[in-house]
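Analysis of the macromolecular model
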Amino acid sequence: MSAAPLSPPKQRWSWRSQAFRALVYQVLAVSVIALVVWFLAHNTATNMRQRGIQSGFGFLLGTAGFDIGESLFAFDSGESYLRAYLVGVTNTLRVAVLGIVLTTLLGTLLGVGRFARNALVRGLCRVYVELFRNIPLLLQLLMWYLLFTELLPDAASAWIIGPMFLSKGGLNFPIPVWAAGHVWAAWGLLLGLVCAWFLRRRARQRFEASGQPHSMVWLPMAGVLTCTLLGWLLGGAPTAMDMPMKGEFAIENGGALTPEFLALLVGLTLYTAAFVAEVVRGGIQSVSLGQAEAASALGLSPVQSMRLVVLPQALRVIIPPMTNQYLNLTKNSSLAVAIGYPDVVSIANTAINQTGRAVECIALIMVVYLSTSLITSLFMNWYNARVAIQER
Amino acid sequence: MSTFTAIAPRPAPNATTGPLAWCKANLFHDWKTTLGTVLIGVVLLSLLPRLFAWTLTDAVWNGGYEACHAGNGACWAVVREKFRFILMGRYPHEEHWRALVCTLMLLALIVASCTRACWRPWLAGLWVGVLVAYLALMRGGFAGLRYVETDLWSGLPLTILLASLSMAMAFPIAVGIALGRRSGMPAIRSLCTVYVELIRGVPLISVLFMASFMFPLLMPQGFNIDVLIRVLAGITLFAAAYMAEVIRGGLQAIPKGQVEAAATLGLSYWQTQRMIVLPQALAMVVPGIMNNFISTFKDTSLVAIVSLYELTGAMGMAMNSDANWRPFRIEGYLFIALIYFVFCFSMSRYSQWIEAQVNKSRQR
Amino acid sequence: MSQPIIEFAKVNKWYGNSFHVLRDIDLQVRAGERIVVCGPSGSGKSTLIRCINRLEEHQQGRLTVDGVEITDDLKAIDDVRKKVGMVFQQFNLFPHLTVLENLTLSPMWVGKLPKKEAEERAMEQLQRVRIAEQAYKYPLQLSGGQQQRVAIARALCLTPKIMLFDEPTSALDPEMIKEVLDVMIEMAEQGITMVCVTHEMGFAKAVADRVIFMDEGQIVEQNNPHDFFNHPQNERSRDFLSKILGH
């Protein structure tokens, strides 16, 4: 005879029950926080009323009333605050994206250089990392800004590097005059990338079928270049370039990068590269020596061993802290306010000084940065889950 | 079966160690390495003598700014002239001895905290005592000492004060948040997670802006707080979030068996944390906390943007105010870069040493 | 008599300037012979076999493997590594690849075999070590004994003439040692040349043609297993045997 299953004993609501205590603590914590938040919000509302400051985000549609030193698209003081913010965001992205690309290249070279045969190369990489890591970024930015604005010559006696001019006014370089041919070239590039993907796939299939190695890197790259060139030719082969020329007071025409942008880019890149180098070094070191030994005992060449065994494992260790460094670079670009580059923090600062709406402006800054962090975290989690080494 | 005779060890025929062998292996191993050595050697030999000349031999060590204008090399005379202003900022000239005493006291405390022998419960009390003494002495206003308002505290003492005080205050907050993130109670866990992710997602500048612009709005009317305290609060909250993550890593590394054993002995949650988990976890994450300290030390340079003149800000003020010495700002920058480098480099070397010690003691 | 497949002639090696790790090693191994190398730790046993496939470099003397002298010549080293398989104490399987991919890596990229053939060969070897059902798992999902068997199969995929074992069972839990030793005994019966550094004296008694005892960088004694274990000639060998066979 089997007894009917007993139901679990009823929850006793007393101080001795773990669940009850947990509930009490949590209710307490949440209510304290809620109280504090209400208190602060109440104060803010009172203070803003007293100062005659409106709250709300409506001010964004009002006229900005200030000029911005540089931007990707046209802006003058008659535009709205919202547009000013957009200029700030694009300026931040501009320096962040370029900085991330450059710092990855430089940092990887430095990180790999720590394992070079040549002791001088190893030593120089080590010196670079220690030097740039231990001096505050703000100080480095100020020094670079000083270099770019004081030690460079005037526009009248600018340094000439090929077709480019480097002077106190920044870097002026030739840019192509936008024509239909460039659109064709862009389509050619896209087509080339698709072709490259197919070429790689075919090379891999043929390798697996026959065992003979086929080019998986050079041929697809050649494919991309040919397609781009074809597109450019088909579009009429436009070669007109907007060349910078020495005007009366400044360099005219051509594309320009201001000294503020250059100082910020150079400072951020060199500083973050030191940290990226350490991340890369840690990743390569994390792959145990036995893996490389087993690979060479199997007859793989050093290049094959690096590509098939060491690098895939090292990348899993490198990517998470690397994305952290990318985020740091993006956040550090906020130091632009110290050297006068109009990034989003700089523009928010101006807006606060003009409108007094500290809460809204700071909230906008935080939204920009938080969304960047969130997107990167999501990517990080997806990547980690995808390449996780399967364990028991 | 031949008889066995033992062979005594002989020294190696070609030296594989020693300076000559090292050079051969590391600088001239094959044609690629040799080429690299030659190229780098050429570049260094052409740059280094000129750098040496500018920094040392051609440099102007004393005299006025005319001597510097006339000279070719670095103008270290500007440092001689202005170093008190750069180091102490706007602190009154006659009271510099107080700032010096306070800074030395705090530095001694930090160095003491780094030695293993001092990792005892009374260290916390010592920190509180020294910090109170520091604040009292800097502020003055008693026993015949002149009162110096916090607006005038600047330069290197301010840098060290901001870094140490914010780390000291962030520490208990960080421990609490780390424990909260690992707690079983969902509300507490979410609150702590939101705090950490929020702070880590935004730059320090925005936190400083919040502290300096938003604070007056958040407080009731007439409730004014020193800029120094506001900024300190901002840096503390910022450092606490990062430190919480470091401590959480240490907590995660403690095997579950430790907590289970403590439970079978009848210890409560807080007793377990205090006596078993935290001592082990904190000892493990000392290198991480040192890294935090180094970052905070570098981050204090940002307070110049909210009008507090620590070392970087004081230097800017010193150099920009005097038109005669303005062309020699780079020497001033290099001077404080050296100071930062010395501090940060020694701290990072120390943290590497600690890490090596911890790893050694873990290997059996 | 045919040429020995491995020949050490007055081979000497130093670590740094002063640690003389291999002293005047003279050794000949015939094709198909099974050698067990034993001795106290630090005696140079691992270094000896690691010199055979140039994972360590010797400084003096001649070392010849299957007619090829081992020197700095990279091509010679590559040739030798295709004929010599090695099994490590720490398995050294590639954790980011499946078991099957671990085995097909070298045949495809070095042996230039088509993928299908490489996979057939891999499955053959996996069946030989009786672990074919784990082919699509990842190494860290297997037990220690299973991982070591996969490592043996991976080395066998190169169809080597010589198999080197560097303490293959030292990192395993006791109940898994037998499965690995069984695989090694089966291999021995199929005629492959084996040089094995191990403490498993039962294996030596069952399979070895010759036992070599090393101490302080020298070969102190070599003999067939029966004579070595029952009538050790040298004081040091007696001392060593009493320590390991005593308990």
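Residues numbered from 1 in each chain as written. Chains lettered and ligands numbered in written order. Predicted model: local features only at pLDDT ≥ 70, side-chain atom pairs only at ≥ 80, totals over all residues. Heavy atoms only, no water.

1. Description of the overall build of chain B
Within chain B one finds 15 helices and zero strands. Scaling as 2.2 N^0.38, a compact globule of 364 residues should have a C-alpha radius of gyration of about 21 Å, whereas chain B reaches 27 Å, well beyond that. Considered along the principal axes of its C-alpha atoms, chain B spans approximately 100 × 80 × 40 Å. Sorting the 364 residues of chain B into buried and exposed places 45% on the buried side. Of the contacts made within chain B by residues no fewer than 6 positions apart, 71% connect residues no fewer than 24 positions apart. (Helix = DSSP H or I, 4+ residues; strand = E, 2+ residues; numbered from the N terminus. Rg over C-alpha atoms; globule rule 2.2 N^0.38 Å. Buried < 20%, exposed > 50% of the residue type's maximum accessible area, 1.4 Å probe, protein only. Contact = heavy atoms within 4.5 Å.)

2. Examining the overall build of chain C
Along the backbone of chain C there are nine helices and ten strands. By the compact-globule yardstick of 18 Å for 247 residues, chain C fits well, its C-alpha radius of gyration being 18 Å. Principal axes of the C-alpha set define a box for chain C whose edges measure 55 × 45 × 40 Å. Relative to its full complement of 247 residues, chain C shows a buried share of 59%. Carbon together with sulfur atoms contributes 47% to the accessible area of chain C, which is approximately 10,200 Å² in total. (Areas by Shrake-Rupley, 256 points an atom, 1.4 Å probe, with all protein chains shown as cover.)

3. Let's talk about the sheet that holds strand β3 (residues 34-38) of chain C
Residue and element names in this part refer to chain C. Across the sheet, six strands lie side by side as β6-β7-β8-β3-β9-β10; this open sheet has mixed pairing. Only two strands of the sheet have a single neighbouring strand rather than two, namely β6 (84-87) and β10 (218-223). Neighbouring strand axes in the sheet, compared pairwise and without regard to direction, differ in orientation by 20 degrees on average. Pairing of strand β9 (residues 210-215) with β10 involves five bridges; the strand directions are antiparallel. Within β10, the residue paired with D215 across the bridge is Q218. Its contacts with the sheet place helix α2 (residues 74-83) against β6 and β7 (162-166), and it is angled at close to 65 degrees to β6. Of the strands in this sheet, β3, β7 and β8 (193-197) are in contact with helix α6 (residues 174-189), which crosses β8 at around 150 degrees. (Pairing = 2+ DSSP bridges. Axes fitted to C-alpha atoms, helices over the stretch in contact; angles between N-to-C directions.)

4. Considerations on the interface of chain B and chain A
Taken residue by residue, the interface counts 51 residues in chain B and 53 residues in chain A. Between chain B and chain A the total buried area reaches about 4,700 Å² when both faces are included, carbon and sulfur atoms providing 72% of it. There are one salt bridge connecting chain B and chain A. Put simply, A:E150 and B:R329 hold a salt bridge, and the shortest N to O gap is 2.8 Å. At the boundary of chain B with chain A, the tally comes to 13 residue pairs in polar contact (both at pLDDT 80 or more). For the side of chain B that touches chain A, the elements supplying multiple residues, two or more each, are α1 (19-26), α2 (31-57), α8 (186-201), α9 (204-218) and α15 (329-362) of chain B. Take the side of chain B that touches chain A: its biggest share by element is 13 residues, from α15(B). Of the residues contributing to the side of chain B that touches chain A, the split by class is 34 nonpolar, twelve polar and five charged. (Buried area = accessible area lost by both parts, 1.4 Å probe. Salt bridge = Lys/Arg side-chain N within 4 Å of Asp/Glu carboxyl O. Polar contact = N/O pair within 3.5 Å; in protein donor to acceptor, adjacent residues only side chain to side chain. Nonpolar A, V, L, I, M, F, W, Y, C, P; charged D, E, K, R; others polar.)

5. Details of the interface of chain C and chain A
Listed per partner, the contact involves 29 residues of chain C and 29 residues of chain A. Three residues stand out in chain C for area buried against chain A, namely C:F94, C:H96 and C:W109, and they jointly supply 25% of the buried area on that side. The interface formed by chain C and chain A holds two salt bridges in total. For A:E208, the salt bridge is made with C:K115, and the minimal N-O distance between the two is 3.4 Å. Along the contact surface separating chain C from chain A lie eight residue pairs in polar contact (both at pLDDT 80 or more). Going through the elements one at a time, β6, α3 (99-109) and α4 (115-128) of chain C are the ones with two or more residues in the side of chain C that touches chain A.

6. A word on unusual backbone geometry
Residues and elements named next belong to chain C. Phi at D24 takes a positive value of approximately 45 degrees, unusual for a residue other than glycine. Tracing the backbone through its elements, the reader meets D24 in strand β2 (residues 19-29). Non-glycine residue D66 carries a positive phi angle of around 50 degrees. Summarising the element assignment, D66 is placed in the loop between β4 (60-65) and β5 (68-69). Note on D66: relative accessible area 26%, which makes it partly exposed.

7. Quick word on the packing of aromatic side chains
Under the defined criterion, the tally for this structure stands at 20 aromatic pairs over all chains. Here B:F341 and B:F345 contribute two aromatic rings whose centre-to-centre distance is 5.2 Å and whose plane-to-plane angle is 10 degrees, an arrangement assigned as stacked. Taken as a pair, B:F341 and B:F345 lie in helix α15 at a separation of four residues, close to a single helical turn. Here B:F345 falls in the partly exposed class, since its relative accessible area comes to 26%. Between C:F213 and C:F240, the ring centres sit 5.1 Å apart and the planes meet at 40 degrees, which makes this aromatic pair tilted. Remark: C:F240 occurs in helix α9 (residues 235-246) and C:F213 occurs in strand β9; sequence separation between them is 27 residues. (Phe/Tyr/Trp six-rings, centres within 6.5 Å; stacked < 30°, edge-to-face > 60°.)

8. Points about the packing of helix α2 (residues 81-113) of chain A against helix α7 (residues 259-286) of chain A
Residues and elements named next belong to chain A. Where α2 contacts α7, the two axes come as close as 6 Å, and the packing angle between them is 40 degrees. Comparing the axis directions of α2 and α7 gives the class oblique. Like other packed secondary-structure pairs, α2 and α7 cross with a definite hand, here right-handed. Contacts between α2 and α7 involve R94, V95, L98, G99, L102, T103, L106, G107, T108, L110, G111 and V112 on the former and, on the latter, F261, L264, L265, T269, L270, T272, A273, V276, A277, V280, R281 and I284. In the contact of α2 with α7, the residues fall into 15 nonpolar, seven polar and two charged. (Parallel < 35°, antiparallel > 145°, perpendicular 65-115°, else oblique. Left-handed = near helix turned anticlockwise from the far one by under 90°.)

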